[in-house]
Amino acid sequence: MEESQLVASFLDSLVFEEKRRLFNDLLAVEEVYQMNKNTSFYTFRKVKQASKRHVDCRKRIFRYQNSHNEELIIEQIHEQRFFKNNYTFKVFFNLEEYNFSFVENILAVLRDERMRHYTQPKVVFG
């Protein structure tokens, strides 16, 4: 199945509240991704703390499941080795790994839905 069809199928069976939460989480993930993609950097803040540890790894996991038991998992990993920092993003849909464009496709669909919601004329009968 094509990525856009997977995205549409997944989003169609999410409840409104989950879509809203997914949209907000993906906006945050996209911002971090855009700021840190293809970069690794060195920081010398907190030198005393950094010298005591060799590796510090922080992981943030976003997990969404729809009514058809399709599951989207996004892992955002920030790894610090001594003074060097790396960000890694892993995207899984039904336990199959995808690249970050899958998240960008979901965001595009959600943005489009949001724009249609606010630009459609409201018709009142009665």
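Worth saying up front: this structure is predicted, and the values here are computed from it rather than measured.

**Quick look at the overall build of the protein chain**
Next up, step 1: Summing up its helical and strand segments, the protein chain has 4 helices and 5 strands in all.
Next up, step 2: The secondary structure elements of the protein chain, listed N-terminal to C-terminal, are α-α-β-α-β-β-β-β-α.
Next up, step 3: Out of the 126 residues belonging to the protein chain, those deemed buried represent 33%.

**Comments concerning the packing of aromatic side chains**
Next up, step 1: Within this structure, the stated rule accounts for 6 aromatic pairs.
Next up, step 2: Relative to F93, the ring of F10 lies with its centre 5.4 Å away and its plane at 90 degrees, an arrangement referred to as edge-to-face. Placement of F10 in helix 1 (residues 3-12) and of F93 in strand 4 (residues 84-93) is noted, with a sequence separation of 83 residues between them.
Next up, step 3: For F10, a relative accessible area of 1% corresponds to the buried category.
Next up, step 4: Taking relative accessible area as the criterion, F93 reaches 2% and is therefore assigned buried.

**Observations regarding the environment of V15**
Next up, step 1: Within the secondary structure, V15 is located in the loop between helix 1 and helix 2 (16-36).
Next up, step 2: Take V15: its relative accessible area is 53%, and that puts it in the exposed class.
Next up, step 3: The spacing of V15 and N66 is 51 residues in sequence and 7.9 Å in space, taken between C-alpha atoms.

**Some words on the pattern of salt bridges**
Next up, step 1: Taken as a whole and assessed by the stated rule, the structure comprises 5 salt bridges.
Next up, step 2: A salt bridge links K19 to E113, with the shortest nitrogen-to-oxygen separation between them at 3.5 Å. Of this pair, K19 sits in helix 2 while E113 sits in helix 4 (residues 101-119), placing them 94 residues apart in sequence.
Next up, step 3: Between E30 and R111 there is a salt bridge, with its nearest N and O atoms 2.9 Å apart. Note that E30 is positioned in helix 2 and R111 in helix 4, a separation of 81 residues in sequence.
Next up, step 4: By relative accessible area, which is 35% here, R111 ends up partly exposed.

**Thoughts on the pairing of strand 4**
Next up, step 1: Sheet analysis places strand 3 (residues 71-81) next to strand 4, joined by 10 bridges and oriented antiparallel. Considered in strand 4, the bridge of I73 is made with F92.
Next up, step 2: As paired strands, strand 4 and strand 5 (residues 96-98) are joined by 3 bridges and run antiparallel to one another. Within the sheet, the bridge partner assigned to F93 lies in strand 5 and is E96.
Next up, step 3: Linking strand 4 back to strand 5 in an antiparallel pair, the connection comprises 2 residues, with N94 at a positive phi of about 50 degrees.

Conventions we followed
- Residues numbered from 1 in each chain as written.
- Predicted model: local features only at pLDDT ≥ 70, side-chain atom pairs only at ≥ 80, totals over all residues.
- Heavy atoms only, no water.
- Helix = DSSP H or I, 4+ residues; strand = E, 2+ residues; numbered from the N terminus.
- Buried < 20%, exposed > 50% of the residue type's maximum accessible area, 1.4 Å probe, protein only.
- Phe/Tyr/Trp six-rings, centres within 6.5 Å; stacked < 30°, edge-to-face > 60°.
- Salt bridge = Lys/Arg side-chain N within 4 Å of Asp/Glu carboxyl O.
- Pairing = 2+ DSSP bridges.

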